[in-house]
Amino acid sequence: MLDGLSTAGLPTGCRHGVPWYVAHLGSQLVAALAEPDRSLTSGLAEALERVAVLHPECDLSNPGTPSATVAVLRHRNGLLDHLVLADSPVVFDGPDGYSVITDLRVDDVLPEMRSEVERHETHTQGHREALQGLVLAQRQVRNTPAGYWVASASPEAAEHALTGTRPLEAASSAAVMSDGVSRLVTEYQMATWSDVFETLRTGGPAELINEVRKVEATDPTGLRWPRYKSGDDAAVAFCQW
């Protein structure tokens, strides 16, 4: 699961753009992990390096260079490996309940500026200006020890991902999703993880995303749930065995 970071209309130093970056990172990551015994960290590092090589004419030193969150779930030899870089979570449904693997380090960065964005209704000039100011400031600490880590131009980011392995029998199903979906539980608090997995089992990812959009439609300008945009990119991969 790759979720491209918003540029908020600001320059990135790359002529290709975020969709291009996400598409190429996805294909390179699949290729790098073709060998099942290779670590997810090593595979991601190689994929980041390969994508950087694909557009050397772009200014990859620009702090706003295209970037993305990464969440990977891999089954190999009776084991489940996961990797999470930034806030796209992997959620396991197991005998002891739900286990959520997510990386929320970005939430600790520039909290005052985040609050300023959330003070404005979405689709207003004040909101756009506050969001651009936040994104500009976040770029200065992105992929640094003082900030947070995402997939970008440097393979070093892979070393800061959250990783782990568990036996297959430790979970009956799992979901990998963008934060545009997980917010139904974490931010809107309009569902539990049990509700989410029940919807995935009965209606699939499309039905879950539809539920997210229905909730967001009740608050189109972010009065009830202050946020960066009315509705964020939403994608889900659901696995059960």
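Residues numbered from 1 in each chain as written. Predicted model: local features only at pLDDT ≥ 70, side-chain atom pairs only at ≥ 80, totals over all residues. Heavy atoms only, no water.

A. Spotlight on the overall build of the chain. Tallying secondary structure elements over the chain gives six helices and eight strands in all. Taking 241 residues into account, the globule formula puts the C-alpha radius of gyration at 18 Å, and the chain, at 18 Å, falls close to it. Overall size of the chain, expressed as C-alpha extent along the three principal axes, is 50 × 45 × 30 Å. Summarising the internal contacts of the chain: among those between residues at least 6 apart in sequence, 70% fall at separations of at least 24. As presented, the chain carries roughly 11,100 Å² of accessible surface, and 53% of it is formed by carbon and sulfur atoms. Between the averaged position of the 19 positive side-chain charges in the chain and that of its 32 negative side-chain charges there is a distance of 3 Å. (Helix = DSSP H or I, 4+ residues; strand = E, 2+ residues; numbered from the N terminus. Rg over C-alpha atoms; globule rule 2.2 N^0.38 Å. Contact = heavy atoms within 4.5 Å. Areas by Shrake-Rupley, 256 points an atom, 1.4 Å probe, with all protein chains shown as cover. Lys, Arg positive; Asp, Glu negative; His and termini not counted. Charge placed at Lys NZ, Arg CZ, Asp CG, Glu CD.)

B. Quick look at the nonpolar core. Core analysis: the largest hydrophobic core is formed by 23 residues, its most contacted members being Tyr 21, Leu 25, Leu 44, Leu 48, Val 70 and Leu 85. Of all the elements in the fold, those that place two or more residues in this core are α1 (18-32), α2 (40-54), β2 (68-76) and β3 (79-85). Not counting residues up to four positions away in its chain, the partners in contact with Val 70 are Met 1, Leu 2, Leu 25, Leu 29, Leu 44, Leu 83, Val 84, Leu 85, Ser 88 and Ala 151. The next biggest cluster of nonpolar side chains, apart from the first, holds 18 residues, and it includes Trp 193, Leu 200, Trp 225 and Phe 238. (Core = buried A, V, L, I, M, F, W, Y, C linked by side-chain atoms within 4.5 Å. Buried < 20%, exposed > 50% of the residue type's maximum accessible area, 1.4 Å probe, protein only.)

C. Spotlight on the packing of α1 against α2. Closest axis-to-axis distance for the α1/α2 pair is 8 Å, and the angle between their directions is 135°. In terms of orientation, α1 and α2 fall into the oblique class. You can see that α1 and α2 cross each other, and the crossing is right-handed. Judged by residue contacts, Trp 20, Tyr 21, His 24, Leu 25, Gln 28, Leu 29, Ala 31 and Ala 32 of α1 engage Gly 43, Leu 44, Glu 46, Ala 47, Leu 48, Arg 50, Val 51 and Leu 54 from α2. Its residues assigned to classes, the contact of α1 with α2 shows eleven nonpolar, three polar and two charged. (Axes fitted to C-alpha atoms, helices over the stretch in contact; angles between N-to-C directions. Parallel < 35°, antiparallel > 145°, perpendicular 65-115°, else oblique. Left-handed = near helix turned anticlockwise from the far one by under 90°. Nonpolar A, V, L, I, M, F, W, Y, C, P; charged D, E, K, R; others polar.)

D. Representation of the sheet that holds strand β8 (residues 236-240) in the model. Strand order across the open sheet formed by four strands is β5-β4-β7-β8, with antiparallel pairing between neighbours. One side of each edge strand has no neighbouring strand; the edge strands of this open sheet are β5 (97-101) and β8. Averaged over all neighbouring strand pairs, the angle between strand axes comes to 15°, with direction disregarded. Examined bridge by bridge, strand β4 (residues 90-94) and strand β7 (residues 173-177) share four bridges and lie antiparallel to one another. Bridging from a neighbouring strand, Val 91 pairs with Ala 175 of β7. Along the sheet, helix α6 (residues 193-217) makes contact with β4, β5, β7 and β8, crossing β8 at roughly 115°. (Pairing = 2+ DSSP bridges.)

E. Quick peek at the sheet that holds strand β6 (residues 162-167). An order of β1-β2-β3-β6 is seen for the four strands of this open sheet, with the pairing classed as antiparallel. Of all strands in the sheet, those bounded by a partner on one side alone are β1 (2-4) and β6. Within the sheet, the average angular offset between the axes of one strand and its neighbour, ignoring direction, is 10°. Across three bridges, the pairing between β1 and β2 is antiparallel. Within the sheet, the bridge partner assigned to Gly 4 lies in β2 and is Ala 68.

F. Examining the pattern of salt bridges more closely. Under the defined criterion, the tally for this structure stands at 15 salt bridges. Its salt-bridge partner being Asp 81, residue Arg 76 comes within 2.3 Å of it at the nearest N-O pair. What makes Asp 81 buried here is its relative accessible area of 3%. Note that Arg 201 and Asp 93 form a salt bridge whose closest N and O atoms lie 3.5 Å from each other. Pair noted here: Arg 201 is in helix α6 and Asp 93 is in strand β4, with a separation of 108 residues, a long-range link. Overall, the relative accessible area of 37% leaves Arg 201 in the partly exposed class. (Salt bridge = Lys/Arg side-chain N within 4 Å of Asp/Glu carboxyl O.)

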